[in-house]
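Here is how the chains run, residue by residue.
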Amino acid sequence: MRPPLGIILTVATLLLGGPPAQAQIDCSVPDALCTGDPCVIPTVEVGYPFCIVDFGPRAVVVAGRLKVPTGGTLSLTAASITVDGRIRGRIVNNVTLVATAGDVVLTGPISSQPLGFDGAGTIALQASGDIVTNAPIRVPGTYDTPTVTLEAGGDIVVARGI
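Here the structure is a predicted model, which is why all the values come from computation and not from measurement.

The rules behind each value
- Residues numbered from 1 in each chain as written.
- Predicted model: local features only at pLDDT ≥ 70, side-chain atom pairs only at ≥ 80, totals over all residues.
- Heavy atoms only, no water.
- Helix = DSSP H or I, 4+ residues; strand = E, 2+ residues; numbered from the N terminus.
- Buried < 20%, exposed > 50% of the residue type's maximum accessible area, 1.4 Å probe, protein only.
- Polar contact = N/O pair within 3.5 Å; in protein donor to acceptor, adjacent residues only side chain to side chain.
- Contact = heavy atoms within 4.5 Å.
- Disulfide = S-S within 2.5 Å.
- Pairing = 2+ DSSP bridges.
- Axes fitted to C-alpha atoms, helices over the stretch in contact; angles between N-to-C directions.
- pLDDT = per-residue confidence, 0-100.
- Core = buried A, V, L, I, M, F, W, Y, C linked by side-chain atoms within 4.5 Å.

Chemist: Explanation requested: the side chain of R58 in the structure shown.
Modeler: Relative to the helices and strands, R58 is located in the loop between β4 (50–54) and β5 (59–62). According to the relative accessible area criterion, R58 is buried, its value standing at 17%. A distance of 3.1 Å separates polar atoms of two side chains, one belonging to R58 and the other to D31. Apart from the residues lying within four places of it in its own chain, the contact partners of R58 are P30, D31, C34, T35, G36, D37, C39, A78, A79 and S80.

Chemist: It is not clear to me how the state of the cysteines should be interpreted in this structure. Could you clarify?
Modeler: Each disulfide consists of a covalent bond between the sulfur atoms of two cysteine residues. One pass over the structure, following the stated rule, counts 2 disulfides. There is a disulfide in this structure between C27 and C51, and the S-S distance comes to 1.9 Å. Because the sign of the S-S torsion sets the handedness, a value of about -90° for the bond joining C27 and C51 places this disulfide among the left-handed ones. On the criterion of sequence distance, the pair formed by C27 in the loop between β1 (24–25) and β2 (39–41) and C51 in strand β4 is long-range, its members being 24 residues apart. Comparing C27 with C51 shows no difference in burial state: the two are buried. Disulfide pairing places C34 opposite C39 at an S-S distance of 1.8 Å. Classification of the bridge connecting C34 and C39 rests on its S-S torsion, roughly 110°, and on that basis the disulfide is right-handed. For the residue pair C34 and C39, the accessibility class agrees, reading buried in each case. Here the chain pairs its bonded cysteines, counted in sequence order, in the arrangement 1-4, 2-3.

Chemist: Whenever I open this one, the sheet that holds β5 confuses me. Can you help?
Modeler: What holds strands together in a sheet is hydrogen bonding between their backbones, with the strands either parallel or antiparallel. The 6 strands lie next to each other as β2-β5-β8-β11-β14-β17, forming an open sheet whose pairing is parallel. Pairing within the sheet leaves two strands with one partner each, and these edge strands are β2 and β17 (156–158). In this sheet, neighbouring strand axes are inclined to one another by 10° on average, regardless of whether the strands run parallel or antiparallel. For β5 and strand β8 (residues 80–83), the ladder comprises 4 bridges, and the chain directions are parallel. Looking across to β8, one finds that A59 is bridged to S80.

Chemist: What am I meant to see in the confidence of the model for the chain here?
Modeler: As a note on interpretation, predicted positions should not be read in detail where pLDDT is low. Scored by pLDDT, the chain comes out at a mean of 81, with 77% of its residues at no less than 70. This model gives residues 4–21 a pLDDT under 50, and the stretch forms 3 contacts once residues within four places in sequence are excluded.

Chemist: Sorry if this is basic, but what is going on with the nonpolar core here?
Modeler: The tendency in soluble globular proteins is for nonpolar side chains to be buried as a group. With 33 residues, the main nonpolar core has I41, F55, L76, I87 and L97 as its most contacted residues. In this structure, L76 is in contact with I41, V53, F55, V62, L66, I81, T96, L97 and V98, ignoring residues within four places of it in sequence.

Chemist: I tried to follow the pairing of β5 on my own but got confused; where do I start?
Modeler: Two faces belong to every sheet, and in a regular strand the side chains alternate between them. Side chains A59 and V61 of β5 all project onto a buried face; the interleaved residues V60 and V62 project onto the opposite face, where all are buried too. As defined by bridge partners, β2 adjoins β5 across 3 bridges and the pair is classed as parallel. Bridge pairing links V40 to V61 in β5.

Chemist: Help me understand the side chain of S111 in this model?
Modeler: Relative to the assigned elements, S111 resides in strand β12 (residues 110–113). In contact with S111, other than residues within four places in its own chain, are I87, R88, G89, I123 and R138.

Written as structure tokens, this is what we have:
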């Protein structure tokens, strides 16, 4: 008698060490997040509560899911920033994206989700060029008022809700 496929897969997963763990990144070195130009950030979890990274003249693309720690701050500065994946934080997160020589473009969402009644987060997008949001920006609040700030040297196009 053969064991069910689910048991075989469970045993194989246990023997092989399970699925790969999500990478935790130290933000003190920009190349720990990504290299090249454009600098493409895969799915990562920021390992420290404050992730403040300046990529200088490089363009940055968030291709995967970038998870901000509970109560943490994420600040990315680059020539231009595109979010194709998603940026997600929980419990009073602060997310700032600054494009010093181009656009900030969202095709993937940014969210800062409160847990229970623990405050609200802030999301700030700044660009020397345009800001285009083709994906939602979510910052729900409970007792505190969430803040979303969009500042651009060019146009601001909000195609999806904030």
